[in-house]
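Observations on chain architecture
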Amino acid sequence: MGNSLKAIIAFVPSDECQKYLVEDLEEMPVDKMVDLSGRQLRRLPLHICSFRELVKLYLSDNNLNHLPPELEQLQNLQILALDFNNFKALPLVVCTLKQLCILYLGNNKLCSLPLELRLLKNLKTLWIESNCLQYLPEVVCELSLLKTLHAGSNALRTLPTQLRCLQELRTIWLSGNLLSEFPPVLLDMPFLEVIDVDRNSIRYFPSLAHLPGLKLVIYDHNPCRNAPKVAKGVRRVGRWSEESPEPRKRSGAVIEITLDEKPATPPAAKLEPE
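A few points on the structure. Since the structure is predicted, the reported quantities are computational estimates derived from the model, not experimental observations. (Residues numbered from 1 in each chain as written. Predicted model: local features only at pLDDT ≥ 70, side-chain atom pairs only at ≥ 80, totals over all residues. Heavy atoms only, no water.)

Quick notes on unusual backbone geometry
To keep it simple, the criterion reads: Secondary structure elements are defined from DSSP: runs of H or I of at least 4 residues count as helices, runs of E of at least 2 residues count as strands, and each element is numbered from the N terminus. Residue burial is assigned from relative accessible area. The probe radius is 1.4 Å, only protein chains are included, and a residue is buried under 20% of its type maximum, exposed over 50%, and partly exposed in between.
Despite not being glycine, Phe84 shows a phi value in the positive range, around 60°. Following the sequence through the fold, Phe84 ends up in the loop between strand 3 (79–81) and strand 4 (102–104). Its relative accessible area of 44% is what places Phe84 among the partly exposed residues. At Asn107, a residue that is not glycine, the phi angle is positive and equals roughly 55°.

Details of the nonpolar core
The condition that has to hold: We call a set of buried residues a nonpolar core when its members are Ala, Val, Leu, Ile, Met, Phe, Trp, Tyr or Cys and they connect through side-chain atoms within 4.5 Å of each other. Domain delimitation follows an automatic or database domain assignment. In this analysis, two residues are considered to be in contact whenever any of their non-hydrogen atoms come within 4.5 Å of each other.
Residues Leu126 and Leu186 are the most contacted members of the largest nonpolar core, which totals 69 residues. In terms of domain composition, this core takes at least three residues from each of domain 1 (25–112) and domain 2 (133–243). Look past the residues within four positions of Leu126 in its chain and what remains in contact with it is Leu103, Leu105, Leu117, Val140, Leu143, Leu146, Thr148, Leu149 and His150. The next biggest cluster of nonpolar side chains, apart from the first, holds seven residues, and it includes Tyr58, Ile79, Ile102 and Tyr104.

Some remarks on the packing of aromatic side chains
This is how it is decided: Stacked, tilted and edge-to-face are the three classes assigned to paired rings of Phe, Tyr and Trp, where Trp is represented by its six-membered ring and a pair needs centres within 6.5 Å; plane angles under 30 degrees give stacked, over 60 edge-to-face, the rest tilted.
The full count for this structure, using the stated rule, is three aromatic pairs. An angle of 65° between the planes, with centres 5.3 Å apart, marks the rings of Phe205 and Tyr219 as edge-to-face. Of the two residues, Phe205 sits in the loop between strand 8 (194–196) and strand 9 (216–218) while Tyr219 sits in the loop between strand 9 and strand 10 (235–237), which places them 14 residues apart along the sequence. Take Phe205 and Tyr219: they sit in the same class, and that class is buried. Through successive ring pairs, a cluster of aromatic residues spans Phe182, Phe205 and Tyr219.

Considerations on the sheet that holds strand 7 (residues 171–173)
Keep this limit in mind: For two strands to count as paired, DSSP must find a minimum of two bridges between them. Interaxial angles span 0 to 180 degrees and are taken between N-to-C directions of axes, which are lines fitted to C-alpha atoms, for helices over the stretch in contact.
Read across the open sheet, the 10 strands follow the order 1-2-3-4-5-6-7-8-9-10; overall the sheet is parallel. The outermost strands of the open sheet, each flanked by one partner alone, are strand 1 (33–35) and strand 10. Neighbouring strand axes in the sheet, compared pairwise and without regard to direction, differ in orientation by 5° on average. Pairing geometry for strand 4 and strand 5 (residues 125–127), over three bridges, is parallel. Counterpart to Tyr104 in the pairing with strand 5 is Trp127.

Remarks on the state of the cysteines
Rule in force here: Cysteine sulfur atoms are paired as a disulfide whenever they fall within 2.5 Å.
This model, assessed by the stated rule, comprises zero disulfides. The thiol of Cys165 is unpaired, and the distance to the nearest cysteine sulfur, on Cys141, comes to 7.0 Å.

So, the environment of Asn76
Among the structural elements, Asn76 can be located in the loop between strand 2 (56–58) and strand 3. Owing to a relative accessible area of 34%, Asn76 belongs among the partly exposed residues under this scheme. Separated by 21 residues in the primary sequence, Asn76 and Leu97 have C-alpha atoms spaced 7.7 Å apart. Contact partners of Asn76, with chain neighbours within four places excluded, come to Arg52, Glu53, Leu54, Val55 and Gln99.

In structure tokens form, the structure reads like this:
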């Protein structure tokens, strides 16, 4: 089906047209995964909600701004991708999916998250990057099993002190926010392994040498006067660190710096539950 035809059909709200966009997906796939990314969907075809054994549902890169209440039938769902859509608020039906382990909400228009998010007791990975968040919703601090939090490219200026309650948290990505100081609460989280505060407005870094679990800190593109002190063996990426992600020029040639473990941005590929 051509993209231009899809774009036209996407504006027609009838069930038949919306079903046409999913290309005759009538039965649940054997692998219990449905990927409807990039189909220009404006609403989720209701028959998808009848696939009660579904484990993975990818709805990325569509034109969705709501979800049907029938989604609640997917109680076996572990991965839900809603990134790159038009959500201004998280549909509450998402919070009824008690088995969710991984939730992608990046690149929407979210300014907050509902208190009902606390019902997702099994959530381990939450991506809320590239939204309109001016503060980290405190309900995130109630997700006790959370291991990875990606909150980059928002408008965060600080982090709530309750974040220290997330003792399973290992990786936090905060690049591209409005942090003017290193978040003090992170100094009380010895279990953190990766801290990314790249592209903020931090002018001074406290010592991070007391964090025994730390493996990598990314602090590049900050107007800082110092590099954070870290324990032996911890990788730093930023000014005055031992290695830099930027290519070095030598004799007119560009030499790429290759690290054993590349401190890159979070992987674009969708993660699997552990």
